[in-house]
Structures are given as C-alpha cells and as structure tokens.
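Now for the letters of each chain:
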Amino acid sequence: MVRVGIIGATGYAGAELVRILINHPEVKLTTITSRQYAGVSFTDVYPAMSGLTDLVCEEFHFDTFCEKTDVVFTALPHKLPMEIIPKLLNKGKKVIDLSADFRFDNVDAYEAVYQAHTAKDLFKVSVYGLCEVNRDAIRHASLIGNPGCYPTTVLLALIPLLREGMIETTQIIADSKSGVSGAGRSLALATHFCEANEAFKAYKLDGHRHCPEMEEVLSKEAGTPISLTFVPHLLPMNRGMLSTIYTTITQDYSLTDIRHCFESFYKDRPFVRLYPDVKRPPDVKYVQYTNNCDIGFYVKPGTRRLVLISAIDNLVKGASGQAVQNMNIMMGIDETTGLR
Ligand SMILES: NC(=O)c1ccc[n+]([C@@H]2O[C@H](COP(=O)([O-])OP(=O)(O)OC[C@H]3O[C@@H](n4cnc5c(N)ncnc54)[C@H](OP(=O)(O)O)[C@@H]3O)[C@@H](O)[C@H]2O)c1
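Residues numbered from 1 in each chain as written. Predicted model: local features only at pLDDT ≥ 70, side-chain atom pairs only at ≥ 80, totals over all residues.

Judged by which residues are buried, strand β4 (residues 71-74) turns out to be covered on both faces: V71 and F73 on one side and V72 and T74 on the other are all buried. Note that strand β1 (residues 2-7) and β4 share four bridges and pair parallel. Bridged to I6 within β4 is F73. Inspection of the sheet shows β4 paired to strand β5 (residues 94-97) by four bridges, in the parallel sense. If you follow V71 over to β5, its bridge partner there is K94. On the question of chirality, the crossover connecting β4 to the parallel β5 by way of helix α4 (residues 81-90) is right-handed. (Buried ≥ 20, exposed ≤ 12 C-beta atoms within 10 Å, placed from the backbone. Helix = DSSP H or I, 4+ residues; strand = E, 2+ residues; numbered from the N terminus. Pairing = 2+ DSSP bridges. Right-handed = clockwise from strand over helix to strand, strands pointing away.)

Next up, the structure:
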C-alpha cells in the first residue's frame, strides 16, 4: 500500500483527491491537512462524503506529516508549494503539485506571470505531468508539476497534430470555457451565485496565466515559438471545461487523416476518447466525474480550417484525476487504477 497525504485537502481540488483516493485499491490515504478546518472531520466539511471516510483534517506539521506518507499531493494556491516541496523531496517523498509552481521549464516565463520563485533549481528535476505525452519521464520523476486545466484541454488536442506537422504554428486560437469550480472554493465576487448564474463572459483577455504555460509546451513540441490566442470564459455550471480550438492544416488533409493521427498518438492512452462523428461533438456532460478527455474535430470542406473540440472535467482530468494518474505512473501502478 502506498501511504498518501494531501496538503490542502478541503479546497475543490483537494476534496476531489480525497474522493478518488479513498476508493483507490493500492493507496492508503493517511493524512489530510487544512488550516481552517483543522480538527474537523472531512465529512463535516463535505457532507456528501458521509459514511465513506472517517478522516479528520489536521494542521500541517512537517515531521508528523512526513512520518505518515510516501507520496504527497500539494493542492495549495501557487507560491506555497515552492516553500514546502524542497523539504519534502529532501525527505525522499514523491510529490505531485497541483499548482503552477513546477509546471514551467523557463523560470522567467513563470516569474513574469506569477512571482519570484524560491526553488528554481527544482525546475531541472520537475516533470510536466501531462500523462498522455510525458509518460516515460513521469515514470522516473520525483516531482510532478500537474498541468493546468485549460492547458490539459488545449495541449491534448494540439500536440499530436503539431508533432506530425499537420497544422500551421501561427494563428492558433483557443476559445475555452470553464465551470465555476475552476476558480477554487475561496470567496470571490466573480464567483458569487448572482454574478455567475445566468451569465456568460470572457475574462482575462489581456493575459491569463495558463497562456504562457501552453505556449511553452506548444513551442517545445513544434520546435518553433508559438504565440497562442487564448480567450477563457466563465460558464454558470459547477464543473466542466471545453475548449474550441481554431487552426489551419498545412495540406489538404481529410477528416480521416486527422482521425488516424489522433488514433495513432492515443492508441494506448486509455483516457483520451475520440469523437470523429461531427454530429456528436464532445460535451462536458459526457466527461463529468471522469478522468477522460474527449476530442472532436472538423474540417470545413474546401478549406484548410480545422476546428478541434476538447472537453474534460476540470476537477478530474484537469486537476485531481490527472494527479492520481501521475501517481500511478510514478509508482508503477496501472495508470487507470482508481480512476475508472
Ligand atoms: N479548481 C480547479 O479546477 C483546479 C484545476 C487545476 C489546478 N488547480 C490548482 O490546484 C490548487 C488548489 O486549487 P483549488 O481550486 O482546490 O483551490 P481552493 O478551493 O481555493 O483550495 C485551496 C486549498 O489550499 C488551502 N490553503 C489556502 N491558503 C493556504 C495557506 N496560506 N496555507 C496553507 N493552506 C492554504 C485551503 O485550505 P485552508 O485554507 O483550510 O488551509 C484549501 O484546502 C491551486 O494551485 C489551483 O491552481 C485547480
């Protein structure tokens, strides 16, 4: 049994980790932490879990936490993980960080949109945990930077085509929509019921932090700098994320050519499902509470305009499900364990 702990277990991503890990047959969830709910049973914070766990939230104490764990999930706001993780690694823990702190290769790109980084030396050590793309590197990793939710939708749709040179590297547009849980559980005006309900709007047009994360990965995959036009939107639903991506194919590829590219790239990747039937494109409803990423595609006849549609549950494949998938790969456990 792998002994697992979660730091920040009462946020939306942390709670989703609890939901998945208490059903994981090869894991024992030994400790969960929270400042606000220290001493409170997890089911008092999330009554929907009543009868499923008797875990009690604990204050984070480094030594006690380390004694109880082999693998650690940090589900904290960015900036906090970079302070804790170096010490966890020194104690021989394997760490999966759900924040942005260890997602980047380039320190300047991180610091331009977040803040000064205090553990830059770990950029050489951390692996970007996009499981379907980096599986081999994840196997040997001790630190995973779990991808952002928007990047998961966009990167899984674009990387197979970029690798084959089937799409132009200029003028890629990602029009993305997120459910409100994507913003976390902390109170904020934009996510109040009366602000979000019956509303639908774009936000952070002038620069969402996920854009440089995507550009770094896309540029590496393409071998040339890629500037992405990324427009996120807030949708009045609890969970779910869908990106519609507009791009241009480099030759007159048919839909069958596009499908073959995806089928070959994802042939032994159990969580990517293809939607070749244009009459039934991906829907956030089909992926709710699952670790799947559903990808559809369409080329308008007589043009080279390719439309890709990619849907996930932001809390599962976009956060905690992918984090558990990363743990499975790191620990030599079947990738799908606990996630079906
Ligand atoms: N929500 C998503 O869809 C999603 C998707 C991908 C990645 N992520 C990433 O996952 C991480 C967690 O996101 P979330 O949505 O779960 O956020 P959240 O709902 O706001 O939860 C944050 C968690 O961190 C703890 N925390 C907050 N401030 C802290 C502090 N100063 N010191 C220690 N603990 C603190 C909170 O509990 P206490 O205050 O009780 O300690 C809570 O458990 C973030 O880095 C986020 O970017 C989220």
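There is more to say after this.
Moving on: the environment of I167. The topology assignment puts I167 in the loop between α7 (149-163) and β8 (172-178). Once you skip the residues sitting within four places of it in the chain, I167 turns out to touch L161, L162, T247, T248, I249, T250 and L306. (Contact = placed C-beta atoms within 7 Å.)

This paragraph deals with the sheet that holds strand β11 (residues 241-248). Reading across the sheet, the seven strands line up as β9-β10-β8-β11-β14-β13-β12 and stay open at both edges, with mixed pairing between neighbours. Whereas interior strands pair on both sides, the edge strands pair on one side only; in this sheet they are β9 (201-202) and β12 (272-275). Both β9 and strand β10 (residues 228-234) contribute to a ladder of two bridges, which runs antiparallel. Across the sheet, the residue bridging to A202 is H233, located in β10. Running over the sheet, helix α10 (residues 255-265) touches β12, β13 (293-299) and β14 (305-312) and is turned about 155° from β13. (Axes fitted to C-alpha atoms, helices over the stretch in contact; angles between N-to-C directions.)

Let's shift gears to the site of the ligand. Surrounding the ligand, one finds 29 residues, the nearest of these being G8, G11, S99, G184 and R185. Of all the elements in the fold, those that place two or more residues in the shell around the ligand are α1 (12-21) and α12 (316-330). Counted by class, the shell around the ligand contains 12 nonpolar, 15 polar and two charged residues. Here the shell around the ligand spans two domains, and each of domain 1 (2-148 + 318-330) and domain 2 (150-314) adds at least three residues to it. (Near = placed C-beta within 6 Å. Nonpolar A, V, L, I, M, F, W, Y, C, P; charged D, E, K, R; others polar. Domains from an automatic or database assignment.)

Bringing the pairing of β14 into the picture now. Within β14, six of the eight residues are buried, which leaves it mostly tucked inside the rest of the structure. Bridge count between β11 and β14: eight bridges; the pairing is antiparallel. Its bridge partner being in β14, T247 is matched across the sheet by L306. What sits between β13 and β14 in their antiparallel hairpin is a turn of five residues, with G302 showing a positive phi close to 85°.

Here we come to unusual backbone geometry. The residue E198 is not glycine, and still its phi comes out positive at about 60°. Relative to the elements of secondary structure, E198 occurs in the loop between α8 (193-196) and β9. Residue class for E198 comes out exposed when judged on the 8 C-beta atoms lying within 10 Å of it. Of note in this structure, K204 is not a glycine but carries a positive phi near 50°. Note on placement: K204 falls in the loop between β9 and α9 (210-222). Given 14 C-beta atoms within 10 Å, K204 falls into the partly exposed group.

Here we take up the nonpolar core. Core analysis: the largest hydrophobic core is formed by 83 residues, its most contacted members being L17, V18, A75, L158 and I295. The element best represented in this core is α7, accounting for nine residues. Looking at which domains feed residues into this core, each of domain 1 (2-148 + 318-330) and domain 2 (150-314) gives three or more. Once residues lying within four places of it in the same chain are set aside, the contact partners of L158 are I172, L218 and I245. (Core = buried A, V, L, I, M, F, W, Y, C linked by C-beta atoms within 7 Å.)

Attention now moves to the domain arrangement of the protein chain. If you check the domain split of the protein chain, you get domain 1 (2-148 + 318-330) and domain 2 (150-314). Distance between the C-alpha centres of domain 1 and domain 2: 25 Å. Listed as interface residues are 22 residues of domain 1 and, on the opposing side, 23 residues of domain 2. Of all elements in the fold, only α5 (107-113), α6 (131-139) and α12 reach the threshold of two or more residues within the side of domain 1 that touches domain 2. Considering every element that reaches the side of domain 1 that touches domain 2, the biggest residue donor is α12, with five residues. The residue inventory of the side of domain 1 that touches domain 2, partitioned by class, reads 12 nonpolar, seven polar and three charged.

For the rest of this paragraph, the subject is the sheet that holds β1. With parallel pairing, the seven strands of this open sheet are ordered in space as β3-β2-β1-β4-β5-β7-β6. Both edges of this open sheet fall to β3 (57-58) and β6 (127-128), since each of them pairs with a single strand only. Its contacts with the sheet put α4 on β1, β4, β5 and β7 (143-145), and the angle it makes with β5 is roughly 165°.

With that settled, consider the packing of α7 against α9. When two helices pack together, their arrangement is given by the angle between the helix axes and by the axis-to-axis distance. Viewed as axis vectors pointing N to C, α7 and α9 meet at an angle of 15°, and their least axial separation amounts to 10 Å. Judged by the angle between their axes, α7 and α9 are roughly parallel. α9 is crossed by α7, and the crossing has right-handed handedness. Of α9, the residues touching α7 (which contributes Y150, P151, V154, L155, L158, I159, L162 and R163) are H210, E213, M214, V217, L218, E221 and A222. Of the residues belonging to the contact of α7 with α9, the class tally is 11 nonpolar, one polar and three charged. (Parallel < 35°, antiparallel > 145°, perpendicular 65-115°, else oblique. Left-handed = near helix turned anticlockwise from the far one by under 90°.)

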